[in-house]
Amino acid sequence: MQWLDAYAFNAEERLDNDPALATRVYTQLASRLIQNGMGSVLLFGTIREETNLILAEAMQHAGLRAYVGKLSMDIDIALRPTYTESSASAALSAASSFPVLTLRFVPTCSDELLAGLGALAAADTHGLRIQSHLAESSDSISWVSHTLHTTELDIFEHSALLTPRTTLAHCTFLSAGSLAALATHGTGIAHCPLSNAYFSARTFPLRQALAADVKVGLGTDIAGGYSLDVMSVMRWAVGVARMREGQLKLEDAKESTGGQVDDMREATADVDTPPGDSAEVPVLDWKGALYLATRSGASTLGLHPKSGTFDIGAPFNAQLSKCPSLSLSSLGTHLHLFIIHSPTL
C-alpha cells in the first residue's frame, strides 16, 4: 500500500493533472513499445477520462493494437483523497466509455462499484474486456481476508467479473481450486515474472496453471518492473520457472528426510499446492517462453484465433530485426544464439 501511494498513485495523479506531461509520456511509451517489438498491449490507465483518451490516441497514432482501461477505484486506501473517484456511480459512468473495465484491485473498490462493473460486463454486446490484479501479495490477501472475511477470487466471482474476456495480473498466490475456477470461467492470467520478483513473495505456478487449462500470457507490468522488452520478460519467465523447480526439489528433499519445510504455503488459508506442483514438473524452456509471448498471449487477450501463428489466413504480427552484418561483434545479444547455432551462417 505504501509503495502504491509513493510511486504509482503519485505518478498517475501527476499525469491526470498535466495533459502536456501525459501526452509526452504516452507518446514516448508508444515509441518504446514499438522499439521492443510489442504488437498488442493491454494497459491500465489512470482515473481521469481525458488522460486515458490521450493514452489511447498515442497508441492509435503509433499504429499499436492497444486495449486501454480507465482505472476504477472509489475507496481511498492510501489516504490520498485527491486520487480517488468521488462515488461508485461516478466511477461506473466514466468506465462505461472505455473498452476495458479496469478495477485496480479489490481493496480500492466498493461492493457497489464491483457489482456495477459486473453488470456492465454482463450487459455488453461489443466485446467489453475486464482487467485487474489478483492474488499478487500476501498483504492484499490478508487484508481482504481480515477486512471482508472472504477471498479476492470469491469477490470477483460474486461480482460476475470472471469471464472469458477477463485478464488478471500476477495470481501468484492462487490455490488449485482457484486455478480450476479461472479455467471454468475462461479467465486468463497475465504472468509478470519480473514484477513478481520485486513485489510477490511467491513464484507463479505457471506449469500448473497451464495444466489446469488456464489461459496465460506474459506481461511486462512496467509499473512494477524496469523493462518493456518482451524478450527480457521471456528470459525472466524461464529463470523464475527454474527457481521454482529448485525450490520444489529442496522441499521434496526436506520432506523425504523428515526435515522442516519453510515455504509460503501457509501464508493464507486460500493458498495450497496446485496439483502436479512438484519437482517432477518440467521446467519452462525457451520454446515455452516463446509460446507464452505469442500464441498463448494472443489467446489470453482474445485476439484472432490464429494470432501468434504462421498459419495460412493468420494476421501477420512480426518483429523485424535489422542486422548490419553477420559479424558476432556487431550483433545484439538477442541474435547471438541463433547465429552460433545456425548450420548455414
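Here is what the cut-offs are and how they apply
- Residues numbered from 1 in each chain as written.
- Predicted model: local features only at pLDDT ≥ 70, side-chain atom pairs only at ≥ 80, totals over all residues.
- Heavy atoms only, no water.
- Helix = DSSP H or I, 4+ residues; strand = E, 2+ residues; numbered from the N terminus.
- Contact = heavy atoms within 4.5 Å.
- Pairing = 2+ DSSP bridges.
- Axes fitted to C-alpha atoms, helices over the stretch in contact; angles between N-to-C directions.
- Buried < 20%, exposed > 50% of the residue type's maximum accessible area, 1.4 Å probe, protein only.
- Arc of directions from axis to C-beta.
- Polar contact = N/O pair within 3.5 Å; in protein donor to acceptor, adjacent residues only side chain to side chain.
- pLDDT = per-residue confidence, 0-100.
- Right-handed = clockwise from strand over helix to strand, strands pointing away.
- Parallel < 35°, antiparallel > 145°, perpendicular 65-115°, else oblique.
- Left-handed = near helix turned anticlockwise from the far one by under 90°.
- Nonpolar A, V, L, I, M, F, W, Y, C, P; charged D, E, K, R; others polar.
- Expected span 1.5 Å × (residues − 1).

Q: Help me understand the overall build of the protein chain, please; the structure alone is not making it clear to me.
A: The helix and strand inventory of the protein chain stands at 14 helices and 7 strands. A separation of at least 24 residues holds for 70% of the contacts in the protein chain among residues at least 6 apart in sequence.

Q: It is not clear to me how the sheet that holds strand 3 (residues 100-103) should be interpreted in this structure. Could you clarify?
A: Sheet strands associate in pairs through backbone hydrogen bonding, adopting either a parallel or an antiparallel arrangement. Pairing in this open sheet of 7 strands is parallel, and the strands run 1-2-3-4-5-6-7 from one edge to the other. Looking at strand neighbours, the two that pair on one side only are strand 1 (40-44) and strand 7 (215-218), the edges of this open sheet. Neighbour-to-neighbour, the strand axes of this sheet turn through a mean angle of 25°, independent of strand direction. By the bridge criterion, 4 bridges tie strand 2 (residues 65-72) to strand 3 in an arrangement that is parallel. What sits directly across from S72, in strand 3, is L103. Those strands touched by helix 4 (residues 88-95) are strand 2 and strand 3, and its axis lies near 170° from that of strand 2.

Q: Would you explain helix 12 (residues 286-293) in this entry?
A: Every α-helix carries 3.6 residues per turn, so stepping three or four residues along brings you back to the same face. Burial in helix 12 covers these residues: G288, A289 and L292. Viewed end-on, helix 12 has its buried residues packed into an arc of 100°, placing them on one side of the element. Within helix 12, the exposed residues directed more than 90 degrees away from the buried face are W286 and K287. The inward-facing, buried residues of helix 12 contact helix 10 (206-211), strand 7, helix 11 (230-256) and helix 13 (295-301).

Q: When you look at the environment of L182 in this model, what are you seeing that I'm missing?
A: Tracing the sequence through the fold places L182 in helix 8 (residues 176-185). In this structure L182 comes out as buried when scored by relative accessible area, which is 0%. The spacing of L182 and T166 is 16 residues in sequence and 9.6 Å in space, taken between C-alpha atoms. In this structure, L182 is in contact with L153, L162, L168, L174, T187, I189 and V214, ignoring residues within four places of it in sequence.

Q: Help me understand the side chain of T102 in this model?
A: Inspection of the secondary structure puts T102 in strand 3. The class of T102 is buried, set by a relative accessible area of 0%. Within the local environment of T102, its side chain forms a polar contact with the backbone oxygen of V100, the two atoms lying 3.2 Å apart. At 3.0 Å, the side chain of T102 forms a polar contact with the side chain of Q131. Contact partners of T102, with chain neighbours within four places excluded, come to F44, G69, K70, L71, S72 and Q131.

Q: Please clarify how the confidence of the model for the protein chain should be interpreted in this entry.
A: Should pLDDT be low for a region, the predicted coordinates there are not to be read in detail. Per-residue confidence for the protein chain gives a mean pLDDT of 85, with 86% of residues at or over 70. Contacts of residues 263-276 to residues separated by more than four positions or lying in other chains number 37 contacts, the stretch itself having pLDDT below 50.

Q: Help me understand the pairing of strand 5 (residues 166-170) in this model?
A: Here strand 5 lies mainly inside the structure; 5 of its 5 residues are buried. Relative to strand 5, strand 4 (residues 129-134) runs parallel, the two sharing 5 bridges. Opposite H133, over in strand 5, you have A169 as the bridge partner. Here strand 5 runs beside strand 6 (residues 188-191); their pairing, made up of 3 bridges, is parallel. Residue pairing in the sheet places L168 in a bridge with I189 of strand 6. Taken together, strand 5, helix 8 and strand 6 constitute a β-α-β crossover, and its handedness is right-handed.

Q: Help me out: how do you make sense of the pairing of strand 3 in this one?
A: Neither face of strand 3 is left uncovered, since the one carrying V100 and T102 and the one carrying L101 and L103 both have all their residues buried. For the crossover that starts at strand 2, traverses helix 4 and ends in the parallel strand 3, the hand is right-handed. When strand 3 meets strand 4, the two strands line up parallel, connected through 3 bridges. Of the residues in strand 4, the one forming a bridge with V100 is R129.

Q: When you look at the packing of helix 11 against helix 12 in this model, what are you seeing that I'm missing?
A: Helix-helix packing is described using two parameters, namely the angle between the two axes and the distance between the axes. Orientation of helix 11 relative to helix 12, taken along the N-to-C sense of each, is 130°, at an axis distance of 9 Å. If you check the angle between helix 11 and helix 12, you find them oblique. Of the two possible hands of crossing, helix 11 and helix 12 adopt the one that is right-handed. Residue-level contacts link V230, M234 and V238 of helix 11 to W286, A289, L290 and A293 of helix 12. Of the residues in the contact of helix 11 with helix 12, the class split is 7 nonpolar, no polar and no charged.

Q: What am I meant to see in the side chain of Q131 here?
A: Looking at the secondary structure, you find Q131 in strand 4. On the basis of relative accessible area, Q131 is assigned to the buried category, the value being 1%. Setting aside residues up to four positions removed in sequence, Q131 forms contacts with L42, L43, F44, G69, V100, L101, T102, L103 and T167.

Q: Quick question: what am I supposed to make of helix 2 (residues 19-35) here?
A: The end-to-end C-alpha separation of helix 2 is 24 Å, in line with the 24 Å expected for 17 residues at 1.5 Å each. Buried-residue contacts for helix 2 involve helix 1 (2-17), strand 1 and helix 3 (49-62). Immediately downstream of helix 2, the backbone of G37 shows phi near 75°, a positive value.

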